[in-house]
Amino acid sequence: MMINILETKTEVGNYFVSNYPPFSLWQPEHIPDVVEALNQPPRVDEPLGLYLHIPFCRKRCKFCYFKVYTDKNASEIERYLDALIKENEIYSRTRAFQGRQLRFAYFGGGTPSYISERQLHYLVEGLNRHVSWENAEEVTFECEPGTLRKSKLETLKEIGVTRLSLGVEHFNDAVLEANGRAHLSPEIYQAYEWAREVDFPQINIDLIAGMMGESEAMWRDTVRKAIELEPDSVTIYQMELPYNTVISREMIEKGLDSPIADWPTKRRWVDYAFEQFQERGYRVASAYTLATTKKPCRFIYTDALWHGGDMIGLGVSSFSHFGGVHFQNAHSFEEYVRLLDSDQLPLLRALSLTPKQKLIREMILQLKTGALDTAYFSRKFGVEVWNEFQPVYERLNRDHLLARNNGTIELTRSGLLQVDSFLSEFFEPELRPVRYA
C-alpha cells in the first residue's frame, strides 16, 4: 500500500508513484500479451526508448531499493553485457520493431559508470549492431562520482552520451558515509570538473533531501554548493523507505524509529532548494527537477514516458512499457542470463492496460510536471479529466494543492512538493487498497 498521506513520519513503505496500475498486479499469466504486442505492425511515427539496467555497484547504499550486485567479477559482468546485447537482438527481430528509430536511450543502475571503458565500447558496439541510437535525441548515463576518470568520461562522450547524470546526493561527507554512499565530496568536485572539460551538452546532478544524519544547516550548505557548480539541471528527491532497503529492514527487525526526516521537513527543504535555484535563474521543470534558463534543457526520457511512449527495458529486473502493455524481466541474474542463452526473452510478469488505466497513468505522471493540459486528454482519450475525476480534483482544489486555469490544471507549490502523496486518489477504487510494489 502507498504511504498514508496523513502521516508525517517517514515510515517503511512506498511513496514515489512511478507507474500505474500498481506493480503487484503484474502477473506471469499476462506474458502472452507482451508477445502479441511485439507481433503488431510497427508504429514507426511513435517515439521509442531504450533503458539499459547496469546493476553493478562498488557498495550498496542503505536507502537503495533497486536490483544491484556488489560481488560480480569481470567475467560475470562481461557475461551480463553479452546478455544485454542478446536481449536487444531478440527485440530487433520482432515485427513491432521494424523501422522504429530510437528517440532516447537511458543507462541506469546500479552504477552504469562502474563498468570499464573497454566494456563500454564492447556493449555499445554490440547494441548498435541491432538497434542504433545514432539518431537518438537524448542518451542519458548515470554516474557515481567515485567511479569516474576523465578518460572514462571521454569514452562516454564518444559513444554518444548527451546527458550526464551525477549521483551526488549530498556534499557532507558524514552524511554520505552514514547512508552508505561509496563516494565522498572531493570525488564529486573532481568528477564534475572533468565532465565540464569533456563538455557534455547537459549535466544533471542528483540530490536527496532527508538522508540519515541530515540537519537544516547541512541541507542549506548542500544547496549552496550545488548552486555553485552551476549544473544544467538538478534533480531533488525526498528520501523514502521502500521495504527492501537496508534502513527499512533494520527498522522492522529491530523495532527502530525512523532515522529519516519527516515529510513536512523534507518538503520544506526541497521548497528552500527550489527557491534558491529559482533566484539564480533556474525554472521548475517537475516536482523533482530544476533546469537552467541559460540554455535549452530538455528531458526527453520522462517526457516520452509520461505521454505513453514505448520503452524497452534491457537487463535484470528491468521494466518496459510497449504497445499498451507493462512487463518486467526476471529478478535473478542467473535466470536472466540463462533465458537469453536459450534465445528467449527473460520475461517475468506483465499487465495489459485498459483504456481507463492508460488515461490514469498518463494523467498522474503528467501531474508531476506541475501543469496538466486538459485539451491533450480530450484529444487522445475523449475525456474531460476534471469532470471524470471531479470529486478528487475538487478536494485538492479546496486544500489549495491545485487549481483550474484556462484549460490547464496547475499545481500550487504546496501541491507540487507533495504530489506523490495524493496521486493514488486517482487510482481506480478497487486498486487503491492493493499493495503498490
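From a predicted model like this one, the values you see are computed outputs, not experimental measurements. (Residues numbered from 1 in each chain as written. Predicted model: local features only at pLDDT ≥ 70, side-chain atom pairs only at ≥ 80, totals over all residues. Heavy atoms only, no water.)

1. Describing the nonpolar core
The cut-off we apply is this: Residues enter a nonpolar core if they are buried and are Ala, Val, Leu, Ile, Met, Phe, Trp, Tyr or Cys, with the set joined through side-chain atoms within 4.5 Å. Three exposure classes are used, based on accessible area relative to the maximum for each residue type with a 1.4 Å probe and protein chains only: buried under 20%, partly exposed in between, and exposed over 50%. Runs of E in the DSSP output that reach at least two residues are strands. Runs of H or I that reach at least four are helices, and both are numbered from the N terminus. When checking whether two residues touch, look at their non-hydrogen atoms; a contact exists if any pair is within 4.5 Å.
By size, the foremost hydrophobic cluster in this structure holds 130 residues, and its most contacted members are Trp133, Leu156, Ile364, Tyr393 and Phe426. No other element matches helix H2 (residues 74–92), which puts eight residues into this core. If we ignore the near neighbours within four places in the chain, the residues touching isoleucine 364 are Val17, Tyr20, Leu423, Phe426 and Phe427. The next biggest cluster of nonpolar side chains, apart from the first, holds 15 residues, and it includes Val12, Cys61, Met251 and Ile260.

2. As for the packing of aromatic side chains
Where we set the bar: Centre distance within 6.5 Å is the pairing criterion for rings of Phe, Tyr and Trp, where only the six-membered ring of Trp is used; planes under 30 degrees apart are then read as stacked, over 60 as edge-to-face, and the remainder as tilted. Consider the ring centre and the ring normal. A charge sits over the ring if Lys NZ or Arg CZ is within 6 Å of that centre and within 35 degrees of that normal.
If you walk through the whole model with that rule in mind, you get 28 aromatic pairs. Pairing tyrosine 51 with tyrosine 106 gives two aromatic rings, centres 5.8 Å apart and planes at 15°, and the pair type is stacked. Residue tyrosine 51 is found in strand S1 (residues 48–54), and its partner tyrosine 106 is found in strand S2 (residues 102–109); the two are separated by 55 residues along the sequence. Relative accessible area serves as the criterion here: at 14%, tyrosine 51 is assigned to the buried category. Assessed through its relative accessible area of 10%, tyrosine 106 is described here as buried. Cluster of aromatic residues (ring-pair linked, three or more members): Tyr20, Phe23, Trp26, Phe319, Phe427 and Tyr436. Its guanidinium or amino end placed over the ring of tyrosine 272, arginine 220 lies 4.1 Å from that ring's centre, counting from NZ or CZ. The aromatic ring of phenylalanine 16 is capped on one face by lysine 368, whose charged end is 4.2 Å from the ring centroid.

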